[in-house]
Amino acid sequence: MHELVYFYPEGHAAHYERDHPERPERVETMRRALDEIGWWQPYPKLPPIETPAAVLEAIHAPDYLKTLQRASARGQHLDMDTYTTTASWDLAVNAVGGALAVSQAVWHGDARRGFALTRPPGHHATQNRGMGFCLLNNIALAAEDLLQNTGAQRLAIIDLDQHHGNGTQDIFYTRGDVFYFSTHQSPHYPGTGRVDEIGVGQGKGMTANFPLSAYSGDMAFTTVTDALILPLLDRYAPQMILVSYGFDPHWRDPLGSLLLSAAGYKTLIERLCAWADANCQGRIALVLEGGYDLDAAAACAQGVVAALLSRSWEDPLGAPPQPEAEAWLSMLGQAKNLWGL
Ligand SMILES: [Zn+2]
């Protein structure tokens with residue numbers, strides 16, 4: 001069994017727009033930082049696998065898929081923030097295939113951990129719409145593929161990006177087979193992810209949100225993990241954890257004002273890995289979402305891979321320059337009450 005497998009999105013630099021924050025350097029910086037510390041070369045880079053049409057169409061409406069393909073053929077924007085180029089459709093399909101390949105490798109026990117450096121990102125893409133720099137919902141498609149094609153019945157998606165994964169939440173909001181938990185800055189783009197958004201119908205109690213006030217940092221993330229995420233994982237008992245990994249909660253990020261450090265990120269992933277080791281045969285895979293500061297990209301990539309590989313590591317960027325605010329504490333009481341914890 002491989003200790004770790006990656007997906008690297010070959011050719012992804014053809015998806016770019018001048019001066020746009022979602023740029024190829026994000027992934028290249030991560031790759032370089034992992035190479036420099038010796039954690040890139042030794043581990044296999046899985047090629048994307050072909051996404052079955054039934055999986056694609058279970059997550060995205062056929063009309064949206066056609067719209068995206070048409071927009072990409074012309075290099076048109078989907079909305080003000082969300083660009084395509086003539087390469088974007090193929091690259092988006094490739095990124096999905098990479099998330100599937102890594103998830104399947106971990107599910108089948110070919111690899112202990114997985115990390116898909118997916119670009120373009122995915123968690124804002126809903127059934128019907130690409131938005132927030134996201135075209136196809138890579139992590140939702142990876143979960144759907146495991147459910148349809150491997151016998152998996154219960155999965156968890158933990159979304160640690162600075163933004164709420166409105167697309168992923170929407171997709172699974174009425175379903176009982178994927179538990180979705182998001183921490184995100186609030187108020188902030190895209191405006192969803194209130195604590196009382198918990199799913200409906202069969203999905204009731206299968207969505208959990210923890211909106212973090214600006215300037216929440218390591219203490220908030222660690223406390224929310226211990227007080228909410230891990231107990232809710234115990235309750236739901238998923239067979240695998242998929243993580244929407246955005247490095248934009250980092251204190252250097254230009255689009256957000258959370259104060260997570262790279263060392264803090266390492267701690268979160270260590271906690272999730274320990275849960276996975278104790279409860280679901282160590283099955284955990286990371287899928288890249290956002291994150292826009294290149295120094296944070298490098299430090300967080302090393303930090304989370306240190307956690308995936310159980311290695312020690314020192315955070316070159318250290319703690320944020322300002323102290324963490326504690327407004328999140330009142331939300332913690334509310335959330336624990338809501339969930340009976
Ligand atoms: Zn984000």
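In this report, we go over the structure that sits alongside the text. Small disclaimer: the values here were computed from a predicted structure and weren't measured.

A short note on the coordination of the zinc ion
Here is step 1: Bound to the zinc ion are the protein donor atoms Asp161 (OD), His163 (ND1) and Asp248 (OD), situated 1.9 to 2.1 Å from the metal.
Here is step 2: Read in sequence order, the donor residues coordinating the zinc ion give the pattern D-x1-H-x84-D. Histidine 163 shares its class with aspartate 161; the two are buried.

A few points about helix α9 (residues 294–309)
Here is step 1: Here α9 spans 22 Å end to end across 16 residues, near enough to the 22 Å set by a 1.5 Å rise per residue.
Here is step 2: With 14 of its 16 residues buried, α9 lies for the most part within the structure.
Here is step 3: Where α9 starts, the residue carrying a side-chain oxygen 3.1 Å from the main-chain nitrogen of aspartate 295 turns out to be aspartate 293.

Comments concerning the environment of glutamate 25
Here is step 1: Residue placement: glutamate 25 occurs in helix α1 (residues 25–36).
Here is step 2: The exposure class of glutamate 25 is partly exposed, given its relative accessible area of 39%.

Focus on the packing of aromatic side chains
Here is step 1: By the definition in use, this model includes 9 aromatic pairs.
Here is step 2: Seen from their ring centres, tyrosine 6 and tyrosine 43 are 6.5 Å apart, and the 70 degrees between their planes marks the pair as edge-to-face. Here tyrosine 43 lies in the loop between α1 and α2 (53–59) and tyrosine 6 lies in strand β1 (residues 2–7), a separation of 37 residues in the sequence.
Here is step 3: Pairing tyrosine 8 with tryptophan 40 gives two aromatic rings, centres 6.1 Å apart and planes at 85 degrees, and the pair type is edge-to-face.

Section: unusual backbone geometry
Here is step 1: With an omega of -5 degrees, the peptide bond running from arginine 119 to proline 120 counts as cis.
Here is step 2: Locating proline 120 in the fold gives a position in the loop between β2 (111–116) and α5 (138–149).
Here is step 3: For the bond from serine 186 to proline 187, the omega torsion is 0 degrees, close enough to zero to count as cis.
Here is step 4: Tracing the chain through its elements places proline 187 in the loop between β4 (178–185) and β5 (207–212).
Here is step 5: Even without glycine at this site, aspartate 19 takes up a positive phi of about 65 degrees.
Here is step 6: Position of aspartate 19 among the secondary structure elements: in the loop between β1 and α1.
Here is step 7: One non-glycine residue, phenylalanine 133, lies in positive phi territory at about 75 degrees.
Here is step 8: Mapping phenylalanine 133 onto the fold places it in the loop between β2 and α5.
Here is step 9: Classification of phenylalanine 133 by relative accessible area gives buried; the value is 14%.

Some details on the nonpolar core
Here is step 1: The biggest cluster of nonpolar side chains holds 67 residues, and the ones touching the most others in it are Phe115, Tyr245 and Ile269.
Here is step 2: Among the elements that line this core, the one with the most residues is α9, at 11 residues.
Here is step 3: Residue contacts for tyrosine 245: discarding those within four places in its chain leaves Met30, Phe115, Tyr265, Leu286, Val287, Leu288, Glu289, Gly290, Cys300, Ala301 and Val304.
Here is step 4: Counting 41 residues, the second-largest nonpolar core is a separate cluster that includes Ile59, Leu65, Leu146 and Leu147.

A word on the packing of helix α8 (residues 262–279) against α9
Here is step 1: For the pair α8 and α9, interaxial distance at closest approach is 8 Å and the crossing angle is 25 degrees. By the angle between their directions, the pair α8 and α9 is classed as roughly parallel. Viewed along their axes, α8 and α9 form a crossing whose handedness is right-handed. Two secondary-structure elements touch here, α8 through Ala262, Tyr265, Lys266, Ile269, Glu270 and Cys273 and α9 through Ala299, Cys300, Gly303, Val304, Ala306, Ala307 and Leu308.

So, the sheet that holds β4
Here is step 1: Taken together, the 7 strands give an open sheet; going across it, the order is β1-β2-β7-β6-β3-β4-β5, and neighbouring strands pair in parallel fashion. Every other strand in the sheet has two partners, leaving β1 and β5 as the edge strands with one partner each. When strand polarity is set aside, the average angle formed by the axes of neighbouring strands in this sheet is 15 degrees.
Here is step 2: Pairing geometry for strand β6 (residues 241–245) and strand β7 (residues 284–288), over 5 bridges, is parallel. Pairing of isoleucine 241 across the sheet is with isoleucine 284, part of β7.
Here is step 3: Strand contacts of helix α4 (residues 88–107): β1, β2, β3 (155–159), β6 and β7, with the helix running at about 165 degrees to β2, the strand carrying the most contacts.

Topic: the pattern of salt bridges
Proximity of charged atoms lets side chains of opposite charge pair with each other.
Here is step 1: Taken as a whole, this structure holds 16 salt bridges when the rule is applied.
Here is step 2: With a closest N to O distance of 3.1 Å, aspartate 177 and arginine 175 form a salt bridge.
Here is step 3: Overall, arginine 175 belongs to the buried group, its relative accessible area being 19%.
Here is step 4: The residue arginine 194 makes a salt bridge to aspartate 196 at a minimum N-O spacing of 2.9 Å.
Here is step 5: Among the residues examined, aspartate 196 registers a relative accessible area of 44% and is labelled partly exposed.

As for the state of the cysteines
Here is step 1: The full count for this structure, using the stated rule, is 0 disulfides.
Here is step 2: You can see cysteine 134 has no disulfide; the closest cysteine sulfur is in cysteine 300, sitting 18 Å from it.
Here is step 3: For cysteine 134, a relative accessible area of 1% gives the class buried.
Here is step 4: Cysteine 273 supplies the cysteine sulfur nearest to cysteine 280, a cysteine that is in no disulfide, at a spacing of 9.8 Å.
Here is step 5: Exposure remark for cysteine 280: the relative accessible area of 3% places this residue in the buried category.

Here is what the cut-offs are and how they apply
Residues numbered from 1 in each chain as written. Predicted model: local features only at pLDDT ≥ 70, side-chain atom pairs only at ≥ 80, totals over all residues. Heavy atoms only, no water. Donors = N, O, S within 2.8 Å, 3.2 Å for Na, K, Ca; no water. Buried < 20%, exposed > 50% of the residue type's maximum accessible area, 1.4 Å probe, protein only. Helix = DSSP H or I, 4+ residues; strand = E, 2+ residues; numbered from the N terminus. Expected span 1.5 Å × (residues − 1). Polar contact = N/O pair within 3.5 Å; in protein donor to acceptor, adjacent residues only side chain to side chain. Phe/Tyr/Trp six-rings, centres within 6.5 Å; stacked < 30°, edge-to-face > 60°. Core = buried A, V, L, I, M, F, W, Y, C linked by side-chain atoms within 4.5 Å. Contact = heavy atoms within 4.5 Å. Axes fitted to C-alpha atoms, helices over the stretch in contact; angles between N-to-C directions. Parallel < 35°, antiparallel > 145°, perpendicular 65-115°, else oblique. Left-handed = near helix turned anticlockwise from the far one by under 90°. Pairing = 2+ DSSP bridges. Salt bridge = Lys/Arg side-chain N within 4 Å of Asp/Glu carboxyl O. Disulfide = S-S within 2.5 Å.

Interpretation note: all reported values are geometric properties and have no functional meaning in isolation.
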